[in-house]
Each structure stands twice: as structure tokens, then as C-alpha cells.
Amino acid sequence: MSHATTVSSFLLRRRFLQVVATTAALWGLGLAGAQAQAPAKAEKAPEQLRIGYQKSAVNLVILKQQGALEKRFPGTKVTWAEFPAGPQLLEALSVGSLEFGLTGDSPPVFAQAAGKDLLYVAAEPPKPDSSAILVLNDSPVRTLAELRGKKIALQKGSSAHYLLVRAVEKAGLKWDDIQPIYLAPADARAAFERKSVDAWAIWDPFYAATELAIKPRVLATGRELSSNNSFYLASRPFVAQHQSTLLVLLEELTRADGIAQNNRKEAIKLVSDFSGLDAGVVSLFIQRRPASPVGPLSAATVADQQRVADAFLKLGLIPKAVKVSDIVWRIGASPRSGLAAASPSRGRHQWPGEAGSTVAAGTRLADASTGSL
């Protein structure tokens, strides 16, 4: 090996350790532990990176509109695929059509129960105000208990599915007491407006668009029902081969959230230009979206997600019990052998930018402008 190659390898190795050390501080790991978990050699950026996203995926939409990942990985072919909801996105991820994507809480549970080989790699903080159960303004339904016997539109296997499960439970009803009508968001709105269904369980931005257009009544939001967590998932081969790339992805997503929080006008324009949604709709749904930096799944988040899985199992909506922690990736763990090199044991994750956090939101993990670390 030439002297130049040796020096280059050393610099790449040192740069990657800087990435891991900074991320370790963010995630609550010690430097020694981070170095012990770091890959033995620098990884190359992937030849392709296919990302699945939805209109609600603000951080991903901002990255797409800015071309941020294309700049960070100039040697990688980055492609983007939009999906109407999480179940469709995870199906594409499970069959190898995507490497990475974002969904709500329920889709990963259904995917894991169906034997799909996916990994949770990160999460955003809860967004309970970003989903709701709606009725038309002239509806006689005033309480959750009055949903008995009613037709309720929802996307099967979506975050709205769990929201409705919890609403039914809170009302003292059984799942069989309602008539779920499984429809994708666009079809559900059409059915809702023509009164083919009595209520609709939905999330932003569909919620915001409907709220401004026809002024429905909000029967309930996720408050006291569902955390409405958002999860980033990836294919196992991608995580196994490109962990340093994954760290850069998480860094860029948190940077994008900084734009959504600190430069709201720019964020609204970027999302509106992409989605075709009216700026007023985008403004409303971003306004009720909390700061959403991207970090690892904490013990509390995993436990919350396990409650989602257990609720679906209890109702017979998934075919078998699943253990969420079995498919949660931890930095430095081998995705081939499943997973958690260090189980999350520190309780709630302290998101970047919060008082006392180790690293401020948007902090660069490394200079990866060459596309590899």
C-alpha cells in the first residue's frame, strides 16, 4: 500500500470516528463505546439511494426540494418516490424498490407481522395534534361514543388506524361496534364529503386541507389517544452496507427540520411547490407540527410502539405477536444479526435543540462532501 493511500485511509478513518463520536454524544453513548462500535474501515457511499416519502414528510420534502442529498453524495443516484400512505411505502421498501422511507406508527407493525425484513433506524418526536377524527359540521355525532354503528373511513394499516383503535377503546366501544371503511386518503375525502361515511380518521396535510376547505368538526385529535410517532425505516442490506451514509441522512434530516422551525416562510414555499398544496394548508399543518429533529428510538418510543403492536394483536388485526425491539437498529450493531448492540435504556431521547442537549440541531456530523466518510 502506498504512503498516499495509507494517509488517505487514516484521514477517512479519523473523519468517520468524528462522525460516530459526535453522534454518540447526541445519542448518549460514550466516546470509547462509539469507537468500539465504529466500522473497521470507511464505507463508500451507495451507488443508488431510493427514498420513499409522503406529502406529510416535511424533512424529506425539504431535502428533496433543496437537492441536499444529491450534493452530499455526488456519486450516488438519488431517486424519490411519493406514496399516498405508509403501507404502500413499506411494501415497496420490503420488496427492494426502496432503501429508505418515513411512515407513521402503524405501517411498520403490519409490515413486521407480515414478515417484511425492515429496520427502524430513527424517529421524530410525537405529533398528536397532526391527526384527527373528523365529522361534517352538520353531523349529529358529538362524542366518540356516538360512533357506534357508524361508517368511518381510514387507510388500513396507517397511523389513522391506530388513532381510531384508541378512540373506540376510549369511548368504551368494541371494534365490532363500528364499521371501518378502508380507503386511501383521496378516496376517503371524496366519500366523506358526499356523506357515504359518517366520519374520517386522517392525518396532515390531508387533515389541514379538509379543515380549510369544508370546515369539518374535529371529534378528537391524537391528544390522549395516540402519540402519532413518525419513523424512518430502511432495508436491512442498506443498513448493513451503509451505516455511515445513514448517519449523514439523519444529520441532513435534522438540518431540514431546522429550516422548518427557523425559516418557516422558506419551508412553506418548498413544501407547497412540491405538493401543489395551497400555502395556507401547508402553513397550518407545519404550524401544529412540533420541532422534529431526527434521532434514535428511545426506550420510551419503543415501548409506545409496542403498545401499538399489542393493540392490533388484541383485536386480531395482525396475524401474530411482534416484538418491536427485534427490528430496531442501533449505531454500530450488525443488522445481519439483528440488532441492538446496546438496548435503549436511558428513557426518553433528548432531541437536538432542547435545553441541555449535547448537540444543537443542524450540527454537521462530518464534512462528507466527497460522498464518503
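What counts and how
Residues numbered from 1 in each chain as written. Predicted model: local features only at pLDDT ≥ 70, side-chain atom pairs only at ≥ 80, totals over all residues. Heavy atoms only, no water. Pairing = 2+ DSSP bridges. Helix = DSSP H or I, 4+ residues; strand = E, 2+ residues; numbered from the N terminus. Axes fitted to C-alpha atoms, helices over the stretch in contact; angles between N-to-C directions. Contact = heavy atoms within 4.5 Å. Phe/Tyr/Trp six-rings, centres within 6.5 Å; stacked < 30°, edge-to-face > 60°. Lys NZ or Arg CZ within 6 Å of the ring centre and 35° of its normal. Buried < 20%, exposed > 50% of the residue type's maximum accessible area, 1.4 Å probe, protein only. Expected span 1.5 Å × (residues − 1). Salt bridge = Lys/Arg side-chain N within 4 Å of Asp/Glu carboxyl O.

*Asks:* An account of the sheet that holds strand β7 (residues 179–182) is needed here, citing residue identities and associated values.
*Replies:* With mixed pairing, 5 strands are arranged side by side in an open sheet as β7-β6-β8-β5-β9. Each edge of the open sheet is held by one strand with a lone partner, namely β7 and β9 (217–221). Along the sheet, successive strands turn relative to each other by an average axial angle of 30°, direction set aside. Note that strand β6 (residues 151–154) and β7 share 4 bridges and pair parallel. Residue I152 lies in a different strand from β7, and its bridge partner there is P180. Together, β5 (131–135), β6 and β8 (199–203) form the strand contacts of helix α8 (residues 185–193), whose direction differs from that of β8 by roughly 150°.

*Asks:* Residues and numbers for the side chain of R50, please.
*Replies:* Within the fold, R50 resides in strand β1 (residues 48–53). Ignoring any residue separated from it by four or fewer positions in sequence, one finds R50 in contact with T79, G96, S97, L98, E99 and F100.

*Asks:* I'd love a proper account of the packing of aromatic side chains, names of residues and values included.
*Replies:* A full pass over the atoms with the stated rule returns 8 aromatic pairs. Directly above the ring of Y182 sits K156, whose terminal nitrogen or CZ lies 5.3 Å from the centroid. The positively charged end of R288 is found above the aromatic ring belonging to Y207, 3.8 Å away from the centroid.

*Asks:* I'd like a rundown of unusual backbone geometry, residues and numbers included.
*Replies:* Going from D204 to P205, the amide bond is cis rather than trans, its omega being 5°. Counting through the fold element by element, P205 comes out in the loop between β8 and α9 (206–214). Phi at K195 takes a positive value of approximately 65°, unusual for a residue other than glycine. Of note, K195 is situated in the loop between α8 and β8. The class of K195 is exposed, set by a relative accessible area of 52%. Unusually for a residue other than glycine, K215 sits at a positive phi of about 50°. What makes K215 exposed here is its relative accessible area of 57%.

*Asks:* Lay out helix α12 (residues 264–275) with the relevant residues and their values.
*Replies:* Counted at 1.5 Å a residue, the expected span for α12 with its 12 residues is 16 Å, and the 16 Å between its end C-alpha atoms agrees. Within α12 the residues assigned to the buried category are A267, I268, L270, V271, S272, F274 and S275. In the core, the buried residues of α12 are packed alongside β1, α3 (58–66), β2 (77–82), α11 (243–262) and α13 (279–287). Just past α12, the residue G276 takes up positive phi, approximately 80°.

*Asks:* Give me the pattern of salt bridges: which residues, what numbers.
*Replies:* Overall, the coordinates contain 19 salt bridges when judged by the stated rule. For D257, the salt bridge is made with R289, and the minimal N-O distance between the two is 3.1 Å. Placement of D257 in helix α11 and of R289 in the loop between α13 and α14 (299–314) is noted, with a sequence separation of 32 residues between them. One exposure class covers both D257 and R289, and it is buried. It is possible to trace a salt-bridge network through shared partners that takes in R72, E251, E252 and R255.

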